[in-house]
Amino acid sequence: MKLSDPNPIPESADATSAPRLVQSLGLFSSTALVVGSMIGSGIYIVGADIARGTSSPALFLGAWVVTAILTFTAALSYGELAAMMPKAGGQYVYLRESLGPLWGFLYGWTLFLVIQTGTIAAVAVAFGKFLGVFFPAVSTTHWLWHIAHVPALPVGPMVLGNMEIGVNTANLTGICIVILLAVVNIFGVKLGALIQNIFTTAKALSLGALILLAFTVGRNAAAWEANFGAGWSQFWKNAGWHSLHLVQVGVGGPMVLVNVFVILAVVQVGSLFSSDAWNNITFTAGEVKNPKRNIPLSLILGTGFVLVIYFLVSLSYLLVLPMQGDPHGATVMARGIQYATEDRVATAALEQILPSGGAYLMAAAILISTFGCANGMSLAGARVYYAMSQDGLFFKSVGKLHPHYKTPAAGLLVQAAWTIVLCVSGSYSQLLDYIIFAVLVFYILTIVGLFVLRFKKPNTPRPYKALGYPVLPALYIALAGWICVVLLRYKPQYTWPGLVLVLLGIPVYLFWSRQTSAGLQTKE
């Protein structure tokens, strides 16, 4: 049985002569896109929140082990789907083919509305914030045009609003980055890939340097005694099967005691999101050389590399800083990992290792990291909107390629325009908090789709089959499902708003599908 074409509109003479995506990304560039999209600013800051939640060095590292198991297992499953359907749009196509066009659209809708654009906005503004370390005039408090303050609005266990709308020097810097990368990526995927390769290599080297320093000159007796202790007694503190941990339900809700399994699920909000965007390479499948081989390989190599690096970076923090700390501490050692200033754990660690220039070196590393992440996500995201438009589910112009550079120029510009709106509105951070749950749900649905396609289309060629099928994909669904249940129960501020944003896509889907019903016909 034949898979449906992501471009179901009948070809005409004009269609056959229209520009087509150029396959120019090799294995290194594809892997660099995986690595570069995953490593943004999260690994440098989320450790503080994980440390506060777990209060245990063993569980602090355990959170990253859980993330690694989930992410790598998902990547193995996506490898089969990518080799089976090497088409532009990636995850959007997998959901469309397995569960139906509505599910594909809802993913693409959420990706455009928040996931891709919100992440680009967040890392671009983070670039501006860390540029302020070198140029103090670049700051979120240096307003050029302050439009309004949106007051906090408590809604059940959530707080909406509480954001500043306008242009300051930090988000203006972010806006400039967004525009620059949109324009650069119009000029061919090769140029975007070259930038990605350079910045991914640089950020990998900078994280490698942090690990090397922590394992050599950065190790100190005070941190070792606090985090490991004699006979590793401190390492396993609060990590027993019967240990209990405090969790606040919602925003301003009651404090409750939960067990180890629940707390490890709760703190996945930070570690999973820091490890996200590995699937972006699937969006660019139409431009990857030998995609049936290179996409599965790049997923395995890229996610494997990043997950090992993340674990070693987290271990590095424990070698340099005590986990427990005082929020009012006067030094980086007194504040510890839990209460590093503004949650910048990596900066605190490097300041401890290199007191005179650590903050500047880390700021430079984060500038490299955020720029590379924003570039990778800008490049990849537009390919999903291109595929949606080809199906008649997005603006028609977005489904056209630049006649000379063979890139989805309109998609890049539309993505940049909405990202700029999020930058100015100040809502991107809050929206990203809301959408983490939805991202996890779409991963679960996509892997459910793997089972569906094995049943519906058993004879379709599969150049690569998911390692450990059906056990590992089922394990992912079970673990990720457990995390979703826990978040629904204990962190409703991260769940219900995300579901509402997704469900808002249903009337939009009905509108688009009625406008272009012919574009949704499935070829058999």
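So, here's what we can say about the structure. These figures come from a predicted structure and were not determined experimentally.

**Concerning the overall build of the protein chain**
Right, so step 1: Within the protein chain, the regular secondary structure consists of 21 helices and four strands.
Right, so step 2: Radius of gyration (C-alpha) of the protein chain: 23 Å, near the 24 Å computed for a compact globule of 524 residues.
Right, so step 3: With respect to the three principal axes, the spread of C-alpha positions in the protein chain is 75 × 55 × 45 Å.
Right, so step 4: Looking at the protein chain residue by residue over its 524 residues, the buried ones come to 58%.
Right, so step 5: Partitioning the contacts of the protein chain with sequence separation of at least 6, the portion at a separation of at least 24 is 79%.
Right, so step 6: Computed over 28 positive and 17 negative side-chain charges, the separation of the two mean positions in the protein chain equals 8 Å.

**A look at the pattern of salt bridges**
Right, so step 1: Taken as a whole and judged by the stated rule, the model has eight salt bridges.
Right, so step 2: Between arginine 52 and aspartate 343 there is a salt bridge whose closest N-O contact spans 3.0 Å. Here the residue arginine 52 occupies a position in helix 3 (residues 42-54), and aspartate 343 occupies one in the loop between helix 14 (332-335) and helix 15 (345-353), the gap between them amounting to 291 residues.
Right, so step 3: With relative accessibility at 29%, the residue arginine 52 sits in the partly exposed group.
Right, so step 4: Note that arginine 344 and glutamate 342 form a salt bridge whose closest N and O atoms lie 3.0 Å from each other.
Right, so step 5: Residue classification places arginine 344 among the partly exposed residues on the basis of a relative accessible area of 23%.
Right, so step 6: Several salt bridges share partner residues, and in doing so they unite Asp49, Arg52 and Asp343 into one network.

**A closer look at a nonpolar patch on the surface**
Right, so step 1: Taken together, the side chains of Ile179, Val183, Phe187, Leu191, Leu194, Ile198 and Tyr405 make up a nonpolar region of the molecular surface, amounting to roughly 580 Å² of accessible area.
Right, so step 2: Among the elements of the structure, helix 7 (169-186) and helix 8 (189-215) are those that each provide at least two residues to the nonpolar patch.
Right, so step 3: In terms of residues, the nonpolar patch owes the most to one element, helix 8, which gives three residues.
Right, so step 4: Locating isoleucine 179 in the fold gives a position in helix 7.

**Remarks on the environment of threonine 407**
Right, so step 1: Summarising the element assignment, threonine 407 is placed in the loop between helix 16 (358-390) and helix 17 (409-425).
Right, so step 2: Expressed as a C-alpha distance, the spacing of threonine 407 and phenylalanine 187, which sit 220 residues apart in the sequence, is 7.4 Å.
Right, so step 3: The residues touching threonine 407, leaving out its near neighbours within four places in the chain, are Asn185, Ile186, Gly188, Val189, Arg383, Lys400, Leu401 and His402.

**Quick word on helix 2 (residues 27-38)**
Right, so step 1: With 12 residues, helix 2 extends 17 Å from end C-alpha to end C-alpha; this agrees with the ideal 16 Å at 1.5 Å per step.
Right, so step 2: Among all positions of helix 2, only Ser29, Ser30, Thr31, Ala32, Leu33, Val34, Val35, Gly36, Ser37 and Met38 are buried.

**Comments concerning the nonpolar core**
Right, so step 1: One finds Phe60, Trp278, Tyr317 and Tyr476 to be the most contacted residues of the largest nonpolar core, which totals 154 residues.
Right, so step 2: Those residues within four positions of tyrosine 317 in sequence are excluded, and the remaining contacts are Ile43, Tyr44, Phe60, Leu210, Ile337, Val345, Ala346 and Ala349.

**A few points about the packing of aromatic side chains**
Right, so step 1: One pass over the structure, following the stated rule, counts 28 aromatic pairs.
Right, so step 2: Taken together, a centroid distance of 4.7 Å and an interplanar angle of 35° make the contact between phenylalanine 199 and phenylalanine 371 tilted. Here phenylalanine 199, found in helix 8, pairs with phenylalanine 371, found in helix 16; they are 172 residues apart in sequence, far enough to count as distant.
Right, so step 3: Ring centres of phenylalanine 235 and tryptophan 236 lie 5.0 Å apart, and the angle between their planes is 85°; this geometry places the pair in the edge-to-face category.

**Topic: unusual backbone geometry**
Right, so step 1: Here the amide bond leading from tyrosine 469 into proline 470 is cis, since omega sits at 5°, within 30 degrees of zero.
Right, so step 2: Within the secondary structure layout, proline 470 lies in the loop between helix 18 (428-456) and helix 19 (471-490).
Right, so step 3: One non-glycine residue, tryptophan 232, lies in positive phi territory at about 60°.
Right, so step 4: Structurally, tryptophan 232 is set in the loop between helix 9 (221-227) and strand 3 (245-248).
Right, so step 5: Within the chain, asparagine 290 stands out as a residue other than glycine whose phi angle is a positive 45°.

**What about empty space enclosed by the protein?**
Right, so step 1: Applying the stated criterion across every chain yields a total of two cavities of 30 Å³ or more.
Right, so step 2: Along the walls of the largest cavity sit 13 residues, with Leu272, Asp276, Val439, Leu440 and Tyr443 positioned nearest its centre.
Right, so step 3: Those elements giving two or more residues to the lining of the largest cavity turn out to be helix 4 (57-84), helix 11 (268-274) and helix 18.
Right, so step 4: For the lining of the largest cavity, the element with the highest residue contribution is helix 18, accounting for four residues.
Right, so step 5: Class assignment of the residues belonging to the lining of the largest cavity gives a composition of 10 nonpolar, two polar and one charged.

**Description of helix 19**
Right, so step 1: End to end, helix 19 covers 28 Å across 20 residues, agreeing with the expected 28 Å (1.5 Å per residue, within 8%).
Right, so step 2: Looking only at helix 19, the buried set comprises Pro473, Tyr476, Ala480, Ile483, Cys484, Val486, Leu487 and Tyr490. Down the axis of helix 19, the buried set is contained in an arc of 165°. They therefore lie on one face.

Definitions and cut-offs
Residues numbered from 1 in each chain as written. Predicted model: local features only at pLDDT ≥ 70, side-chain atom pairs only at ≥ 80, totals over all residues. Heavy atoms only, no water. Helix = DSSP H or I, 4+ residues; strand = E, 2+ residues; numbered from the N terminus. Rg over C-alpha atoms; globule rule 2.2 N^0.38 Å. Buried < 20%, exposed > 50% of the residue type's maximum accessible area, 1.4 Å probe, protein only. Contact = heavy atoms within 4.5 Å. Lys, Arg positive; Asp, Glu negative; His and termini not counted. Charge placed at Lys NZ, Arg CZ, Asp CG, Glu CD. Salt bridge = Lys/Arg side-chain N within 4 Å of Asp/Glu carboxyl O. Patch = residues over 30% accessible without salt bridge, like charges linked within 9 Å, V, L, I, M, F, W, Y side chains within 5 Å. Areas by Shrake-Rupley, 256 points an atom, 1.4 Å probe, with all protein chains shown as cover. Expected span 1.5 Å × (residues − 1). Core = buried A, V, L, I, M, F, W, Y, C linked by side-chain atoms within 4.5 Å. Phe/Tyr/Trp six-rings, centres within 6.5 Å; stacked < 30°, edge-to-face > 60°. 1 Å grid on protein atoms, 1.4 Å probe; cavity = no way out; pocket = protein on both sides within 12 Å on 5 of 7 lines; lining within 4 Å. Points joined across faces, edges and corners; volume = space filled by probe spheres on them. Nonpolar A, V, L, I, M, F, W, Y, C, P; charged D, E, K, R; others polar. Arc of directions from axis to C-beta.

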